[in-house]
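Now for the letters of each chain:
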Amino acid sequence: MSEESVLSFRKLVSAMRTTEKEYWAHRDKKMLRQSIELEKRVDGIIMKADGNDVPQNDNGTFFLLVAELRASTIQYFQEKKKPQPDKELVNSLFKTIKETEAKLDKMLIRLKDEQIKKDGYIIQYHVMERMPRANQARSIFNSSDEQLANIELNDHYRHPDPPGTMYFICKKYLGKDGKQLPQEEVDKIINNNLNS
């Protein structure tokens, strides 16, 4: 698989996952048709792929996760259509689908962030704190190193001050000059990485 084909497959899968989520959020028939069309395209690519061409890296892992998700989903709906479906198998397939979707979504976010960094932009991770009666959260730590931000977050989880305080991480995208990008610019960069 060439780097170009890997990127286009990743963008196709990202579009497929986005339309699936949009459909389930709003039950929009247009999104359902679009999602089915994207699923057919993904299935076609998976069926044509040669197992020897799948690389032994993140791109290969991504491809195999998508293949596992599609196979489980197809098997799930085939089993559900039967007059007497095997409930244990249906539950097992549903659990597999949800676990694979979670892994796939995490991987898509990580790969998208890596691509943004390759393009020369900076991602700053902020540990946010929201007091029990506060209307807004405030940044209490920031770093361009995600692991360092996670360590700081875990430290606050262990010692909340006061009890009931909520902690989480958010990302800020900075331009090549180090200044924070407006939200429209961030959306444009993310959509270009996903749709180009």
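Structure: see above.
Residues numbered from 1 in each chain as written. Predicted model: local features only at pLDDT ≥ 70, side-chain atom pairs only at ≥ 80, totals over all residues. Heavy atoms only, no water.

Chemist: Sorry, what's going on with the environment of leucine 181 here?
Modeler: On the secondary structure map, leucine 181 appears in the loop between β3 (166–174) and α6 (183–195). Considered as a pair, leucine 181 and tyrosine 121 are 60 residues apart in the sequence and their alpha carbons are 9.7 Å apart. Apart from the residues lying within four places of it in its own chain, the contact partners of leucine 181 are Tyr121, Tyr173, Leu174, Gly175, Val186 and Ile189. (Helix = DSSP H or I, 4+ residues; strand = E, 2+ residues; numbered from the N terminus. Contact = heavy atoms within 4.5 Å.)

Chemist: Looking at this model, I keep getting lost on the nonpolar core. Mind explaining?
Modeler: Most often, soluble globular proteins keep nonpolar side chains buried together rather than apart. In terms of nonpolar packing, the biggest core is built from 21 residues, with Phe9, Val13, Val42, Ile46, Phe62, Val66 and Leu104 touching the most fellow members. For this core, the secondary-structure elements that each account for two or more residues are α1 (3–26), α2 (29–48), α3 (58–81) and α4 (87–118). At seven residues, the largest contribution of residues to this core is made by α4. Of all hydrophobic cores here, the second largest spans twelve residues; its members include Tyr121, Ile123, Leu153 and Tyr167. (Core = buried A, V, L, I, M, F, W, Y, C linked by side-chain atoms within 4.5 Å. Buried < 20%, exposed > 50% of the residue type's maximum accessible area, 1.4 Å probe, protein only.)

Chemist: Honestly, unusual backbone geometry in this entry has me stumped. Any pointers?
Modeler: In most cases, non-glycine residues show a negative phi, while peptide bonds are predominantly trans. In this structure, arginine 27 takes a positive phi of about 55 degrees despite not being glycine. With respect to the element layout, arginine 27 can be found in the loop between α1 and α2.

Chemist: In this structure, what is going on with the pattern of salt bridges? I would like to understand it.
Modeler: Pairing between side chains becomes possible if they bear opposite charge and their charged atoms approach one another. In this structure the tally under the stated criterion is 13 salt bridges. The partner of arginine 17 in a salt bridge is aspartate 105, and the shortest N-O contact between them spans 2.9 Å. Of this pair, arginine 17 sits in helix α1 while aspartate 105 sits in helix α4, placing them 88 residues apart in sequence. Here arginine 17 falls in the buried class, since its relative accessible area comes to 6%. (Salt bridge = Lys/Arg side-chain N within 4 Å of Asp/Glu carboxyl O.)

Chemist: Please clarify how the sheet that holds strand β2 (residues 138–143) should be interpreted in this entry.
Modeler: Sheet strands associate in pairs through backbone hydrogen bonding, adopting either a parallel or an antiparallel arrangement. In space, the three strands of this open sheet follow the order β2-β1-β3, with antiparallel pairing throughout. Of all the strands in the sheet, the pair left with one neighbour each is β2 and β3. The mean inter-strand angle of the sheet, taken between neighbouring strand axes irrespective of direction, is 30 degrees. Across nine bridges, strand β1 (residues 122–130) lies against β3 in antiparallel orientation. In the sheet register, methionine 128 faces β3, and the bridge partner there is phenylalanine 168. The strands touched by helix α5 (residues 146–158) are β1, β2 and β3; relative to β3, the strand with the most contacts, the crossing angle is about 160 degrees. (Pairing = 2+ DSSP bridges. Axes fitted to C-alpha atoms, helices over the stretch in contact; angles between N-to-C directions.)

Chemist: Looking at this structure, I do not really get α5. What am I missing?
Modeler: What sets the pattern is the α-helix's 3.6 residues per turn: residues three or four places apart point alike. End to end, α5 covers 19 Å across 13 residues, agreeing with the expected 18 Å (1.5 Å per residue, within 8%). Of the positions making up α5, those classed as buried are Ala149, Leu153 and His156. For α5, the arc enclosing every buried residue in end-on projection is 60 degrees, short of the 170-degree limit, so these residues lie on one face. Those residues of α5 that are exposed and angled more than 90 degrees off the buried face are Gln147, Ile151 and Arg158. If you follow the buried residues of α5, they end up packed against β1, β2 and β3. N-capping of α5 is provided by aspartate 145, with a side-chain oxygen placed 3.2 Å from the backbone N of glutamine 147. (Expected span 1.5 Å × (residues − 1). Arc of directions from axis to C-beta. Polar contact = N/O pair within 3.5 Å; in protein donor to acceptor, adjacent residues only side chain to side chain.)

Chemist: Got a minute to help me understand α2 in this structure?
Modeler: With 20 residues, α2 extends 29 Å from end C-alpha to end C-alpha; this agrees with the ideal 28 Å at 1.5 Å per step. Here α2 has its buried residues at Ser35, Leu38, Glu39, Val42, Asp43 and Ile46. With its buried residues spanning 145 degrees around the axis, α2 presents them on a single face. In α2, the exposed residues that point more than 90 degrees away from the buried face are Lys29, Lys30, Arg33, Lys40, Met47 and Lys48.

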